[in-house]
Amino acid sequence: MPPSSAGASAAGAHVARALGTPWRAVTVFLLPAATFYVAFTAYPVFRTLWNSFHKVLPAKEEFVGLANYAELVRDEIFWRAVRNTLVWACTSPLFEVSIALVLALALYAKVPGRRFFRIAWFTPVLMSYVVVGIIWAWIYNYDWGAVNTGLRALGLNSWTRAWLGKQETALPALIFVTTWMWSGFNMVVLLAALHSLPSEVIEAAELDNCGWWGKLVHVIFPMIRPTVLNLVVLSFVGKMKIFDLVWITTKGGPLWSTETVSIYVYKRAFEWNTFDLGYPSAVASVWFVIVLGSVLTLSYVFRQREKLEY
Amino acid sequence: MHRLQRAVVLFALCVFTAFAAGPFFWVATMSLRTTSEISRDHYAWPGTLHWNKFPDAWFNSNYSTYFQNSLLVVVSAVIILTLVGAMAAHCFARYRFKLNRFFYFIIFSTIIFPPQITIIALFQILVQYGLFNSLIGLTLVYVAFQLPITVYILESFFARIPGDLFEAARIDGYSEMAIFWRISLPIALPALSTTIILNTILLWNEFLYAVVLITDEDKRTLPLGIQRFMGDQMEDIGMISTGLMIAIIPVVLIYAFFSEKLIQGMTAGAVK
Amino acid sequence: MATVTLDKLCKRYEKSHDLAVDHVDLAVAHGEFMVLLGPSGCGKSTTLRMIAGLEAISSGSLAIDGRVVNEVPARDRDIAMVFQSYALYPHMTVRDNLAFGLRRRRIDGAEIARRVDDVAGTLGLAPLLERKPFALSGGQRQRVALGRAIVRDPKVFLFDEPLSNLDASLRVSTRAELIRLHRRLGATMIYVTHDQVEAMTMGSRICIMNHGKVVQIGAPLEVYRRPADTFVASFLGNPPMNLVKATVENGQLILGAARLALSPALLATAGTARALTFGVRPEDLAQSSGGEGSFGAEVTAVEPLGAETIATLRIDGSESELNARLGRDANVKVGERIHLRPDLGRVRLFDAASGVALN
């Protein structure tokens, strides 16, 4: 293989190594990624922050200082959206991870057909939120949706509802959908974590008079704790960002009961009768800080005080 | 575990499987029935299999356009992502320089950013540069969007390649770029295929950026196209079902052949 | 303290044709230190795990103190095990690791504290009690694993290659500690290893296994001096016993070009076998000046080790090579021809085909 310019001879290569980092190569490797990052991620973040201090109309930009933020504090819909999103983000991990844990333990215990189950349960995650939203909107349909049809078949007519049409049930109904979607995903991750546990430690627990419950509580749960907490954080962050599902099913209704911050930002930016991008930018900026702050807080609270080496 | 316990557990698991996969099968059956058949009984098994609904939706309801747009955007974005991501990952993993971890952290941390913080400005930028409502603009945004997770997955893989291989190559006179092409990439093929599959699925299903940055009917991607049919009072359920299947089938095919890779890719980083 | 009796114990894994453990018969007496020795894959670990209850027994019976325990779950067998990887609970302190098994058995708190402190003192773990496993060195972790077993005061101790993850010097000192421990506690211990030095120095008896079967059971020196077959002969000793082809003719052993007179006793054991494998340990070959009872050989390699010299030689008139342990002042060079006299009282004759010992 012929050597090429930058490291021409063995001596040259030695010199390059002795000098340390080949800066030319590093630049070449990082430049494309850096360009994309700066152009489509970093710059937009700053631009959005910039917007938040202005009134951004199609024809002109007008500096307004903290006016947008002041309005934000008084904006009831915004706070409703924040509450809805936080409720979603805080309850989802509870359901998604605990169901996943039960399922993962069942497969770990060598139930027959576990390869099939693992593949089947993972499928909801593969579907686009659009597809999921449409299907569940149909399932929740008052007249012929699967939920109400099933209830009527069981004679529980009084329990039928317009699930997505009533304020009290809309958000829980959507939370149910995301739980349906992500339980399988979490299960797969937890199963992998369970399989990575050293079998000798579990055998030692067996010899230390632990039945299956004892092993779970004293050995297995403590050792998969990092993964469980990781999934909780992932689930939390995912729900803080949620948009697609709500947009397809309820668009934030009825009466803002399913309004999430992402939906609100979209509406204010692209569907409001004033074309001001400044205010939604302020909302986005505040939300950005809230999300980052929550993740940092969670990470701090969940931090592993010492390494769990095994 | 006693026999009875086992049977109960198995039964519960089967119920959950029906719960998890049921909706999908329901749509699959509906995609082969006409809307009038469906209106009569929503849950019946298809009497006659109306395979013609597929070409019908494809040609007459613009699904062909949506599918092609999605295909174009996703394939281009994934190709660019793989190259750009691999180069950056290789660089982070193999070279020691002062700000290495800092830059890596900056790129990696954007995974938790809510998209709202960038979407408004991206809208402005694309309009400003004439890339609004263009598949090119969307492709570029998609690349930036998936770059962090791609770099994350590939970096941990590149880091595990033994350094001796690179030393030997350098002694043999290879340039850094040649080392990347002839050593890093071929060895990293498993991880590369994982990120390719992952990115394909995630971008195929992506909705938010598409809905903001594309408004022209003939530029819509598949998720957008499907969404267009929703919300009418007289929903053509049969046709929408067929459309849904058109959107789902590529994903199912990939999953059928690469389920292990796909699962690994999507769960990468979640296991600690 | 208890006896452990294995009667035709077998283990067959599903989908496998062969037996991983093939009709093992073993009787371990009260307070005995029994070593299961053999190469990797010979079934010794599987046998140990069956005794522990971590592997199901396919057939045969296992009795602890006379009571058959095939169906008894591991935690009820009153045994303790030290694993190769130590298997400490990574999220618990050393104290909790030691106390865990006792707490699970609802032993009184004060008693637990007493036992833990006692064992910690014996093993030098007292300053480490509040640490977690990740902050311990390999040797320290091994002692915690040992302590965890001792604190349980079990009927039988099981060891699964506990020293293999330690570095060489630590291995030597820990070996001595284990021997002292056995003497102090007087407990029944079953120890699995592939290292013959550990087996020779620690065991009251060694059980040598190969391909799932028991090949020989006996005291270390017994097994060393009178190996039951060529496998055992070549497994013990470093360098191993020399095994060369030979024949018996007219009351003489034909070794290459040499003819050695055999004693009547040896001749009797050789029986009617014509072709044999002649076994002699390197230390049982002495350099001689020739004459009766010795044979000539050419030196092909010399390893001067300081305390002794190992020479590799080729027997005159044959292609067979053997190793000889010569004194530290032996002055032999490659290519030189010398005479060696085997100590006929210590040689072994094996059947050439089956490798089974004849004398």
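Residues numbered from 1 in each chain as written. Chains lettered and ligands numbered in written order. Predicted model: local features only at pLDDT ≥ 70, side-chain atom pairs only at ≥ 80, totals over all residues. Heavy atoms only, no water.

*Asks:* Could you give me a rundown of the overall build of chain A, with the residues and numbers involved?
*Replies:* A tally of helices and strands in chain A yields 13 helices and two strands. Relative to the compact-globule value of 19 Å for 310 residues, chain A shows a C-alpha radius of gyration of 26 Å, a clear excess of over 25%. The principal-axis extents of the C-alpha atoms in chain A amount to approximately 85 × 75 × 40 Å. Within chain A, the proportion of its 310 residues that are buried is 55%. Entry remark: accessible area of chain A is about 13800 Å², with carbon and sulfur atoms responsible for 68%. (Helix = DSSP H or I, 4+ residues; strand = E, 2+ residues; numbered from the N terminus. Rg over C-alpha atoms; globule rule 2.2 N^0.38 Å. Buried < 20%, exposed > 50% of the residue type's maximum accessible area, 1.4 Å probe, protein only. Areas by Shrake-Rupley, 256 points an atom, 1.4 Å probe, with all protein chains shown as cover.)

*Asks:* Which residues make up the packing of aromatic side chains, and what values do they have?
*Replies:* On inspection of all chains with the given rule, the structure shows 44 aromatic pairs over all chains. Where phenylalanine 33 of chain C meets tyrosine 191 of chain C, the ring centres are 5.6 Å apart and the plane angle is 40°; that geometry is what we call tilted. With phenylalanine 33 of chain C in strand S3 (residues 33-37) and tyrosine 191 of chain C in strand S8 (residues 188-193), the pair connects residues that are 158 residues apart, well separated along the chain. A relative accessible area of 2% means that phenylalanine 33 of chain C is categorised as buried. The class for tyrosine 191 of chain C is buried, based on a relative accessible area of 1%. One aromatic cluster is present, formed by Phe116, Phe117, Trp121, Trp136, Tyr140, Phe176 and Trp180 of chain A together with Phe16 and Phe19 of chain B through successive ring pairs. Over the aromatic face of tyrosine 142 of chain A sits the side chain of arginine 152 of chain A, whose NZ or CZ is 5.4 Å from the ring centroid. For the cation-ring pair, arginine 303 of chain A lies above tyrosine 300 of chain A, with the distance from its terminal atom to the ring centre recorded as 4.3 Å. (Phe/Tyr/Trp six-rings, centres within 6.5 Å; stacked < 30°, edge-to-face > 60°. Lys NZ or Arg CZ within 6 Å of the ring centre and 35° of its normal.)

*Asks:* Account for the sheet that holds strand S20 (residues 348-351) of chain C, naming residues and giving values.
*Replies:* Residues and elements named next belong to chain C. One open sheet holds the five strands; their spatial order is S13-S12-S11-S14-S20, and the pairing between them is antiparallel. Because the sheet does not close on itself, it has two edges, and the strands there are strand S13 (258-261) and S20. Going from strand to strand, the sheet's axes swing by 40° on average, the running direction of each strand aside. Inspection of the sheet shows strand S12 (residues 252-255) paired to S13 by four bridges, in the antiparallel sense. Following the sheet pairing, isoleucine 254 is matched in S13 by arginine 259. (Pairing = 2+ DSSP bridges. Axes fitted to C-alpha atoms, helices over the stretch in contact; angles between N-to-C directions.)

*Asks:* Residue-level account of the domain arrangement of chain A, with values.
*Replies:* All names here are of chain A. Each assigned domain of chain A is listed here: domain 1 (1-52) and domain 2 (67-305). Relative placement of domain 1 and domain 2: their C-alpha centres are 39 Å apart. Each partner contributes residues to the interface: domain 1 has four residues there, and domain 2 has eight residues. Taken together, the two surfaces of domain 1 and domain 2 that pack against each other cover about 440 Å², and 59% of this comes from carbon and sulfur. Looking only at domain 1, the three residues that lose the most surface to domain 2 are Thr48, Asn51 and Ser52, adding up to 78% of its buried area. Our count for the contact surface shared by domain 1 and domain 2 stands at zero salt bridges. Applying the counting criterion to the domain 1 and domain 2 interface returns three residue pairs in polar contact (both at pLDDT 80 or more). Taken together, the residues of the side of domain 1 that touches domain 2 break down into one nonpolar, three polar and no charged. (Domains from an automatic or database assignment. Contact = heavy atoms within 4.5 Å. Buried area = accessible area lost by both parts, 1.4 Å probe. Salt bridge = Lys/Arg side-chain N within 4 Å of Asp/Glu carboxyl O. Polar contact = N/O pair within 3.5 Å; in protein donor to acceptor, adjacent residues only side chain to side chain. Nonpolar A, V, L, I, M, F, W, Y, C, P; charged D, E, K, R; others polar.)

*Asks:* Lay out the sheet that holds strand S15 (residues 285-288) of chain C in plain terms, naming residues and giving numbers.
*Replies:* The strands that make up a sheet pair up through hydrogen bonds in the backbone, lying either parallel or antiparallel. Residue and element names in this part refer to chain C. Judged by pairing direction, the sheet is antiparallel, and its five strands sit side by side in the order S15-S19-S16-S17-S18 without closing on themselves. Bordering the open sheet on either side are S15 and strand S18 (321-326), each of which pairs with just one other strand. The average undirected angle you get between the axes of adjacent strands in this sheet is 50°. Judged from the four bridges that link them, strand S16 (residues 295-304) and strand S19 (residues 337-342) form a sheet pairing that is antiparallel.

*Asks:* Go over the pairing of strand S4 (residues 59-64) of chain C, please, and point to the residues and values.
*Replies:* Residue and element names in this part refer to chain C. Pairing between strand S1 (residues 4-11) and S4: five bridges, direction antiparallel. Across the sheet, the residue bridging to leucine 6 is leucine 62, located in S4. In this sheet, strand S5 (residues 67-68) lies alongside S4 in antiparallel orientation, the contact comprising two bridges. Bridging from a neighbouring strand, isoleucine 64 pairs with arginine 67 of S5. The loop that links S4 with its antiparallel partner S5 comprises two residues; one of these, aspartate 65, has a positive phi angle of about 55°.

*Asks:* If you had to explain the interface of chain A and chain B to someone new, which residues and values would you point to?
*Replies:* At the interface, 99 residues of chain A touch 90 residues of chain B. Across the interface of chain A and chain B, roughly 8300 Å² is buried in total on both sides, 78% from carbon and sulfur atoms. For chain A, the biggest contributors to the area lost against chain B are Phe29, Phe40 and Trp138 of chain A; these three give 10% of the whole. Where chain A touches chain B, the interface holds twelve residue pairs in polar contact (both at pLDDT 80 or more). Sorting elements by how many residues they give to the side of chain A that touches chain B places helix H2 (residues 23-52) of chain A first, with 19 residues. In terms of residue class, the side of chain A that touches chain B is built from 75 nonpolar, 16 polar and eight charged.

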